[in-house]
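Here's the letter readout for the chains.
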Amino acid sequence: MMIAITREVSDSIANCQLSFVGRTPIDVALAERQHHAYQKALLALGCRVESLPAQHDLPDAVFVEDVALVFDEIAIRTRPGAPSRRPEVASVAQVLERYRPLYAIEPPGTIDGGDVLRIGRTIYVGQSARTNASGTDQLRELVSEAALPGRGYTVIPVTTRGCLHLKSAVTQVADDTVLINPDWVDTAVFANFRQIEVDPDEEHGANAVRVGDHLIYPTSFPRTLKRLMDAGIPVTAVDVSELQKAEGAVTCCSLLFRESITR
Ligand code: CIR
């Protein structure tokens, strides 16, 4: 069973952090409806959705992906790069403790979950304004072969440019395939994968959520959506326009993991 942890939209979302997107008015009621449709898509793909109550004093709290990393073996509370987002961590960590042994990124380390892309036994970590070398080194130790005998991961730091997170620039869309924006990350890092590039007019289009072999993907990138469908990848399209105004993408609205632990 796949678990999806989500959090309801804060009514203060208009005060969110913004880095590469200009501030425009957000329709909170519409954001809530879109978020519910996103949760429904997760349910329809067989996930058990654990929806946490909104944290109205924390504008970005709907973006739960950034505050924790969940692997088959352990979970890690992150220390988000934006100080305003650090109070979001504790309540999600409390839930994760029920599922995995829980570790933490300590100061001066910072990591946003949006910078962490796991593919198989490799973890690519975006080096962004939100994720630093100390955070990356701490993650490397926590998932090393020494820490997880027989189940260690290789951690590869990846430089990003012009975007918020690594997963703004690249996500996995099939076992052997990534969806990628070549302007925001060096495609050579993913040379071992088949690569589907975003349409040049859809620069934010590289972020897809993968549930089993299926994707959840925004309706706002129709040309890239067609590329995914032409590649034979099953896609559920969702309208997340209001969350995109908060610089959110589809991966960032859930923490997705297998219920059972692997030791
Ligand atoms: C932020 O800047 O932190 C939020 N406004 C958006 C976070 C999006 N997170 C993600 O893509 N993982």
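Structure's up top.
Here's a quick rundown of the structure. This is a predicted model, so every value here is computed, not measured.

**Let's talk about unusual backbone geometry**
Phase 1: Going from P107 to P108, the amide bond is cis rather than trans, its omega being 5°.
Phase 2: Structurally, P108 can be placed in the loop between β5 (102-104) and β6 (116-119).
Phase 3: Even without a glycine there, the phi angle at E247 is positive, about 65°.
Phase 4: Take E247: it is sitting in the loop between α6 (241-245) and β15 (255-258).

**A word on the sheet that holds β6**
Phase 1: Strand order in the open sheet formed by three strands is β6-β7-β8, with mixed pairing between adjacent strands. Looking at strand neighbours, the two that pair on one side only are β6 and β8 (154-159), the edges of this open sheet. This sheet shows a mean twist of 25° between the axes of neighbouring strands, independent of strand direction.
Phase 2: Bridge count for strand β7 (residues 122-127) against β8 is six bridges, and the pairing is parallel. Residue pairing across strands places Q127 opposite T159, the latter belonging to β8.

**Digging into the site of the ligand**
Phase 1: As a matter of local geometry, the ligand sits amid 13 residues, with Q17, D60, E65, D66 and A246 nearest to it.
Phase 2: Here R130 contributes a side-chain N or O atom positioned 2.8 Å from an oxygen atom of the ligand.
Phase 3: Classifying every residue of the shell around the ligand gives four nonpolar, three polar and six charged.

**So, helix α5 (residues 222-230)**
Phase 1: If you check which residues of α5 are buried, you get T224, L225 and L228. Each buried residue of α5 lies within a common arc of 105° when the element is viewed along its axis, so the set occupies one face.
Phase 2: Residues of α5 that are buried in the fold lie against β9 (170-174), β10 (177-180), β11 (194-197), β13 (214-218) and β14 (235-238).
Phase 3: G232 lies just past α5 and shows a positive phi near 85°.

**Quick notes on the side chain of D72**
Phase 1: With respect to the helices and strands, D72 occurs in the loop between β3 (68-70) and β4 (75-77).
Phase 2: Classification of D72 by relative accessible area gives buried; the value is 13%.
Phase 3: Ignoring anything within four residues of it in the chain, the contact list for D72 reads R100, R151, Y153, R258, S260, I261 and T262.

**Some points on helix α2 (residues 89-96)**
Phase 1: Taken as a whole, α2 has its buried residues at V89, V92, A93, V95 and L96. Seen end-on, α2 carries its buried residues on one side only, within an arc spanning 160°.
Phase 2: Structurally, α2 contributes buried residues whose contacts are with β1 (2-7), β2 (47-52), β3, β4, β5 and β15.

**So, the environment of I111**
Phase 1: Inspection of the secondary structure puts I111 in the loop between β5 and β6.
Phase 2: Take I111: its relative accessible area is 0%, and that puts it in the buried class.
Phase 3: Non-local contacts of I111, meaning those with residues more than four positions away in its chain, are made with D66, T78, R79, P80, G81, I105, V116, R130, T131, G135, T136 and L139.

**Points about the pairing of β13**
It is a general feature of regular strands that their side chains alternate between the two faces of the sheet.
Phase 1: Of all the five residues making up β13, four are buried; the element is thus mostly covered by neighbouring parts of the structure.
Phase 2: Summarising the sheet, strand β12 (residues 209-211) and β13 pair through three bridges and their orientation is antiparallel. Paired with V211 across the strands is H214, a residue of β13.
Phase 3: What sits between the antiparallel neighbours β12 and β13 is a turn of two residues, in which G212 has the positive phi angle 60°.
Phase 4: Where β13 meets β14, four bridges bridge the pair, whose relative direction is parallel. Residue P218 lies in a different strand from β14, and its bridge partner there is V238.
Phase 5: Read as a crossover between parallel neighbours, the route from β13 over α5 to β14 is right-handed.

**Structural notes on the packing of aromatic side chains**
Phase 1: Enumeration over the complete set of coordinates arrives at five aromatic pairs.
Phase 2: Ring centres of Y124 and F190 lie 4.7 Å apart, and the angle between their planes is 45°; on these two criteria the pair is classed as tilted. Linking Y124 in strand β7 with F190 in the loop between β10 and β11, this pair joins segments that are 66 residues apart in sequence. Across the pair, exposure class does not vary: Y124 and F190 are buried alike.
Phase 3: An aromatic cluster of at least three residues, connected via ring pairs, comprises Y124, F190 and F193.
Phase 4: Here R121 stacks its cationic end above the ring of Y153, 4.0 Å away from the centre of that ring.

Criteria and thresholds
- Sequence positions are assigned chain by chain, starting from 1 and proceeding in written order.
- With the structure being a predicted model, the display of local features is reserved for residues of pLDDT at least 70 and the display and counting of side-chain atom pairs for 80 or more, all residues being used for whole-chain, interface and lining totals.
- Side-chain descriptors were evaluated using all non-hydrogen atoms of the structure, hydrogens and water having been removed beforehand.
- Numbered from the N terminus, helices here are DSSP runs of H or I no shorter than four residues, and strands are runs of E no shorter than two.
- Here a strand pair is declared whenever DSSP counts at least two bridges between the two strands.
- Axes here mean lines fitted to C-alpha atoms, for a helix over just the part in contact, with angles spanning 0 to 180 degrees between N-to-C directions.
- Nearness of a residue to a molecule or strand requires only that one of the residue's heavy atoms be within 4 Å of it.
- Think of a polar contact as two N or O atoms within 3.5 Å of one another; within protein, one of them needs to be a possible hydrogen donor and the other a possible acceptor, and neighboring residues in sequence only count if both atoms come from side chains.
- Under this grouping Gly is polar, as are all residues other than the nonpolar Ala, Val, Leu, Ile, Met, Phe, Trp, Tyr, Cys and Pro and the charged Asp, Glu, Lys and Arg.
- Relative accessible area decides the class of each residue, using a 1.4 Å probe on protein chains only: under 20% of the type maximum gives buried, over 50% gives exposed, and in between gives partly exposed.
- Arc, as used here, means the arc of the directions from the helix axis to the C-beta atoms.
- Two residues qualify as a contact provided that any one of their heavy atoms is within 4.5 Å of a heavy atom in the partner residue.
- Call a crossover right-handed when, viewed with both strands pointing away from you, the route from the first strand across the helix to the second goes clockwise.
- Pairing of aromatic side chains here covers Phe, Tyr and the six-membered ring of Trp, requires ring centres within 6.5 Å, and sorts the geometry by plane angle: under 30 degrees stacked, over 60 edge-to-face, intermediate tilted.
- Here, a charge over a ring means that NZ of Lys or CZ of Arg falls within 6 Å of the ring centre while also lying within 35 degrees of the ring normal.

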